[in-house]
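Here is how the chains run, residue by residue.
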Amino acid sequence: MKVTQQASDNILTLILDGELDASSSVLLDTELAKPEILNYQKVLIDCQRLNYISSAGLGVFISHLQSFQDAGVKLVFFNMQEKVHNVFEILGLDALMTIVPSAAEATAI
Amino acid sequence: MTIRQKLETAFLPLMLLSWMVLLVSTLLHASPAAASRFGIPPNWITLTAQAVFVAAVFGYQRAQPNLLRGTDFVGLLRRLVLGPGLLATVCVGLHLLERVVQFKHAATDRTFFAIVYTVNLGLFVIFLAFTNYAWRSLVLFRASERLQREWLWFEVLLGVTLLFRLISWQFPLYFTLPVLGALAFFGVYLSGNQKWVAYLNRRQKLEAVLLQGAILMSMTIFVAYFLRIEQDPRLVAPASQHAFLVLTVFFATFYAVMGLLVTLFNLPTAGVFEQKREEILSLQRLTQLIQRGQTEEEVYAMLFDSAVQTVEADAAWLDILEEDTLTTYQRHNIAEADSVAIRRLLADYNLGQIEYLNNDLNNSSGFRALGLEFEALIVMPLRSTKRNYGTLYLLKRQRQGFDRENMSILQTFTSQTVLSIENLQLMARSIQNERVQEELKIASSVQDSLIPKNLPTDNWFEISSHALAAKEVGGDFYDFLHLPGRRLAILIGDVSGKGVTAAFHMAQMKGIFHALMQENPLARSEREKFPVPSKFMSMANTALVHCLEKSSFITASLYIIDYEHGGFVFARAGHCHTLYYHSIKEEVSYFRTAGLGLGIIRNESYERHIKNQFYDYNPGDVMVIYTDGIVEARAADQSEYGEERLKQMLERTYYLSADEIKTQILDDLAEFSRGQPIHDDQTLLVIKFRASQPEPGI
């Protein structure tokens, strides 16, 4: 699992590469827990290379959902693979989080 | 029996026979009366008898088993003194007796004198043979093959000298002297082999010196006797086997003298050997303690005692570092103030944590200022590659009291100690681990008791279940509850994460299920007596808010089956979709309903994210409920089992009984993920509805 950051203006893009499981979710959690992340307007998560997400991986997003909402930071997922999207959908997260097909739509929101 | 063995058995009779011949011939020489009757035997008979006797005695002794038993050198010497030494006493006794007899009867009869002479000659030869072969076993102790060959040559050459007197031709002196001298030199050379002395301890060496002195004395007695007898005008027998006897006497004496001197000069160093022995024994004791697995305290005490004893320190103390606190563990002849002062001084010099030897403390102004009575100091840290266990300090009053040897032996002690301490700690850790394993086993059996063993049975449906945890305890759960009015509640769920935390929440969820599914006595209508699934989920969500950590969530599905009316209602809180076989439509599909997992939204708004779904079932319908451990099971190529393959399995097996459907699905799953470890808990429930039948007895 690799997490790459791209920051521009008010938008932070995190590119996830690999499998987000119990061990790699710790890495992502430290990124999302940084206080300066709440200064951005939008945090975009590029899921193109995200092959698998475990419940621990989902837990990371869930645990930061409230603080993002409270700070008015939009969390947007894009380029999500079918099977990863299915996991979000089964858990009902698609109704809570913004998931869009492409990067263009993600920035447009 | 080989020729050699035959020869060996012949030695004893030959010895006796030749001695008798010798005696008779001497008597004939001594007594003119007898001689006139039997005639004087020629000299060659006497000489041959002598030679045969000597050869037989030596041969007999040679054939005896080795006199040395193990490394009992002192025992060998003792036997030498007690046995042949006694012969010397007998010899002196006989001689004195003979003197007394001569004194009383000053006759000219030399018979008795001749008998004593012959007996003494026999005793002397036996003494020599015994001594020589005792020396042989000492010379050949751990000897090289070369030395063994040399010894054999020595024996052969000595044997040859026996023949000297048998040949009537007298060798010229310039020939015999160098030959004898060379042989004597050979004996001197062999006498250099005194390896055995090194194996004696101090006490044994002292004893060996005394015993060797006694042997030399016995030898002197014999030699003195014979030297004296030679001058005696009464001796009429031809001169004895000179060359051989002189050589063996010379060798036996020389070896004894050499041995005596070597032992004597080894006495002062015996203490050093003993000390080395003591060091080795201390090391062994330390090593044995390790294997017995004693406490750390005992190991440290053992190190301290051994170190102080071995280097003969006048004062010492041992500091042990435990979790960054230094405690003085053991103290010997030193005041606390002094030890603190020395430690501080060493720290000032930056010498606290390294091996350090100072044999002249008063040369350093710092130590002189402390005004200590000690002149030498060793600092020896107890250290492994990973950590520092403490430091050992040893002091001596004597200048130059310690040496490099002491340092290396202490290094061995400390590294042994560190090894044993680490062993003990490892052992303690593995015991702790075992205890945790044991507790996990208990947790596992407790959790097992939370999973229903007796499935509900009724003639309206059949249920089959399967549960398998990836670790000792898991986060999957399912439960049943009979509700009044021929209704059955089924709960299935999965706590995010695995292991002990998940197991706790799973138990919590079971409690919530049983608490919420109680009949509400205040309910206004029949419908409100039990919460509908969506209501149950939102109540459970509220209950979980306070005890579920932020990143954890629970997925669950609750089904309430009303088999009176042939329908069911369910709500899905983020759990896997329900797989269903519709017997009327002859079709397998998933109920794809919306619904959010528990613990994701932690306020009242959760209610908006959960829905109820109603369905009227028909006889022959099959419902498959499972957790994600089933559909996310992986094959060797990392692909997932998936919803599609599960659906295909039901399409192939819907007509079977619930049990058989479950077995077929599990078999297919095992086939799919063969050789792969189970990475998540797996739960599978199969419910098959049957044609409604009236309740028996109604």
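Small disclaimer: the values here were computed from a predicted structure and weren't measured. (Residues numbered from 1 in each chain as written. Chains lettered and ligands numbered in written order. Predicted model: local features only at pLDDT ≥ 70, side-chain atom pairs only at ≥ 80, totals over all residues. Heavy atoms only, no water.)

Peer 1: Got a minute to help me understand the confidence of the model for chain B in this structure?
Peer 2: Regions with low pLDDT carry predicted coordinates that are not meant to be interpreted in detail. When the pLDDT values of chain B are averaged, the result is 84; 94% of them are 70 or greater. With a pTM of 0.58, the predicted complex shows an ipTM of 0.91. (pLDDT = per-residue confidence, 0-100.)

Peer 1: Help me understand the sheet that holds strand E5 (residues 98-100) of chain A, please; the structure alone is not making it clear to me.
Peer 2: Paired through backbone hydrogen bonds, the strands of a sheet run either parallel or antiparallel to each other. Residue and element names in this part refer to chain A. In space, the five strands of this open sheet follow the order E1-E2-E3-E4-E5, with mixed pairing throughout. The open sheet has two edge strands with one neighbour each: strand E1 (2-8) and E5. If you compare each strand with its neighbour and ignore which way they point, the axes differ by 25° on average. Pairing between E1 and strand E2 (residues 11-20): seven bridges, direction antiparallel. Looking at E2, one finds that Lys2 is bridged to Asp17. Strands E2, strand E3 (42-53) and strand E4 (74-78) of the sheet are contacted by helix H2 (residues 55-71), whose axis makes an angle of about 170° with E3. (Pairing = 2+ DSSP bridges. Helix = DSSP H or I, 4+ residues; strand = E, 2+ residues; numbered from the N terminus. Axes fitted to C-alpha atoms, helices over the stretch in contact; angles between N-to-C directions. Contact = heavy atoms within 4.5 Å.)

Peer 1: I would appreciate a short explanation of the sheet that holds strand E12 (residues 587-591) of chain B in the present structure.
Peer 2: All names here are of chain B. Pairing within the open sheet is antiparallel, and its five strands lie in the order E6-E15-E14-E11-E12. Edge positions in the sheet fall to strand E6 (461-468) and E12, since each of these pairs with one other strand and no more. Recorded for the sheet is a direction-independent mean angle of 15° between the axes of neighbouring strands. Alignment of E6 against strand E15 (residues 682-689), held across eight bridges, turns out to be antiparallel. Across the sheet, residue Ser464 finds its bridge partner in E15, namely Val686. Against the sheet, helix H17 (residues 642-653) contacts strand E11 (578-582), E12 and strand E14 (622-626), and its axis sits at roughly 140° relative to E12. Contacting E6, E14 and E15, helix H18 (residues 658-672) crosses the sheet at an angle of about 30° to E6.

Peer 1: Explain H17(B) to me, please; I cannot follow it from the model alone.
Peer 2: Note: α-helices contain 3.6 residues per turn, so residues at a spacing of three or four share the same orientation. The first and last C-alpha atoms of H17(B) sit 17 Å apart over 12 residues, in line with the 16 Å expected at 1.5 Å per residue. Of the residues making up H17(B), those classed as buried are B:Gly642, B:Glu643, B:Leu646, B:Met649, B:Leu650 and B:Thr653. Summarising the axial view, the buried residues of H17(B) lie within an arc of 155°, below the 170-degree limit, and thus occupy one face. Among the structural elements, helix H3 (82-91) of chain A together with E11, E12, E14, helix H16 (628-631) and H18 of chain B are those in contact with the buried residues of H17(B). (Expected span 1.5 Å × (residues − 1). Buried < 20%, exposed > 50% of the residue type's maximum accessible area, 1.4 Å probe, protein only. Arc of directions from axis to C-beta.)

Peer 1: Can you walk me through the side chain of B:Lys396 in this structure?
Peer 2: All names here are of chain B. The topology assignment puts Lys396 in strand E5 (residues 388-396). We note that Lys396 is buried and unpaired, the nearest opposite charge coming from Glu312 at a distance of 4.8 Å. At 3.1 Å, the side chain of Lys396 and the backbone oxygen of Gly401 are in polar contact. Among residues more than four places away in sequence, those in contact with Lys396 are Val311, Glu312, Ala313, Asp314, Phe374, Glu375, Ala376, Gly401 and Phe402. (Lys, Arg positive; Asp, Glu negative; His and termini not counted. Salt bridge = Lys/Arg side-chain N within 4 Å of Asp/Glu carboxyl O. Polar contact = N/O pair within 3.5 Å; in protein donor to acceptor, adjacent residues only side chain to side chain.)

Peer 1: Sorry, what's going on with the nonpolar core here?
Peer 2: The biggest cluster of nonpolar side chains holds 84 residues, and the ones touching the most others in it are A:Phe61, A:Leu93, B:Met537, B:Phe568 and B:Leu598. The contact partners of B:Phe568, leaving out residues within four places of it in the chain, are B:Ile560, B:Ile561, B:Asp562, B:Tyr580, B:Phe591, B:Gln613, B:Phe614, B:Tyr615, B:Tyr617, B:Met623 and B:Phe689. B:Ala88, B:Phe130, B:Ile215 and B:Phe244 belong to the second-largest nonpolar core, a separate cluster that totals 67 residues. (Core = buried A, V, L, I, M, F, W, Y, C linked by side-chain atoms within 4.5 Å.)

Peer 1: So what exactly am I meant to see when it comes to the side chain of B:Gln447 here?
Peer 2: All names here are of chain B. Tracing the backbone shows Gln447 in helix H13 (residues 404-450). Looking at Gln447, the relative accessible area reads 9%, which means it is buried. Excluding anything up to four places from it in sequence, Gln447 contacts Glu472, Val473, Gly474, Ala503 and Met506.

Peer 1: Please clarify how H18(B) should be interpreted in this entry.
Peer 2: Residues and elements named next belong to chain B. The end-to-end C-alpha distance of H18, which contains 15 residues, comes to 21 Å, matching closely the 21 Å that a straight helix rising 1.5 Å per residue would cover. Buried within H18 we find Ala658, Ile661, Lys662, Ile665, Leu666, Asp668, Leu669 and Phe672. Burial along H18 is one-sided: seen end-on, the buried residues are contained in an arc of 160°. Residues of H18 that are buried sit in contact with E6, E14, H16, H17 and E15.

Peer 1: Where do I start with the UniProt feature "transmembrane region" (unreviewed entry) in chain B in this structure?
Peer 2: Residue and element names in this part refer to chain B. Per the UniProt entry, the sites bearing "transmembrane region" (unreviewed entry) are residues 40-60, 80-97, 112-130, 173-192, 208-227 and 242-267 in this numbering. As annotated, residues 40-60 has a helix share of 86% and a strand share of 0%, and its two end C-alpha atoms lie 30 Å apart. Taken as a whole, residues 112-130 contains 100% helix and 0% strand, while its terminal C-alpha atoms sit 27 Å from one another. (UniProt positions renumbered as here; feature names shortened; annotations may be inferred.)

Peer 1: Please explain the packing of aromatic side chains as it appears in this structure.
Peer 2: In this description, a pair of aromatic rings is defined by centroid distance and the angle of the planes. According to the stated counting rule, one finds 37 aromatic pairs over all chains in the structure shown. Arranged with centres 6.3 Å apart and planes meeting at 80°, the rings of B:Phe568 and B:Phe591 form a pair that is edge-to-face. Of this pair, B:Phe568 sits in strand E10 (residues 567-573) while B:Phe591 sits in strand E12; the two residues are 23 residues apart in sequence, bridging distant segments of the chain. When its relative accessible area of 9% is taken as the criterion, B:Phe591 is described as buried. An aromatic cluster of at least three residues, connected via ring pairs, comprises B:Tyr559, B:Phe568, B:Phe570, B:Tyr580, B:Phe591, B:Tyr615, B:Tyr617 and B:Phe689. B:Arg634 extends its terminal NZ or CZ atom over the ring of A:Tyr52, reaching a point 4.4 Å from the ring centre. (Phe/Tyr/Trp six-rings, centres within 6.5 Å; stacked < 30°, edge-to-face > 60°. Lys NZ or Arg CZ within 6 Å of the ring centre and 35° of its normal.)

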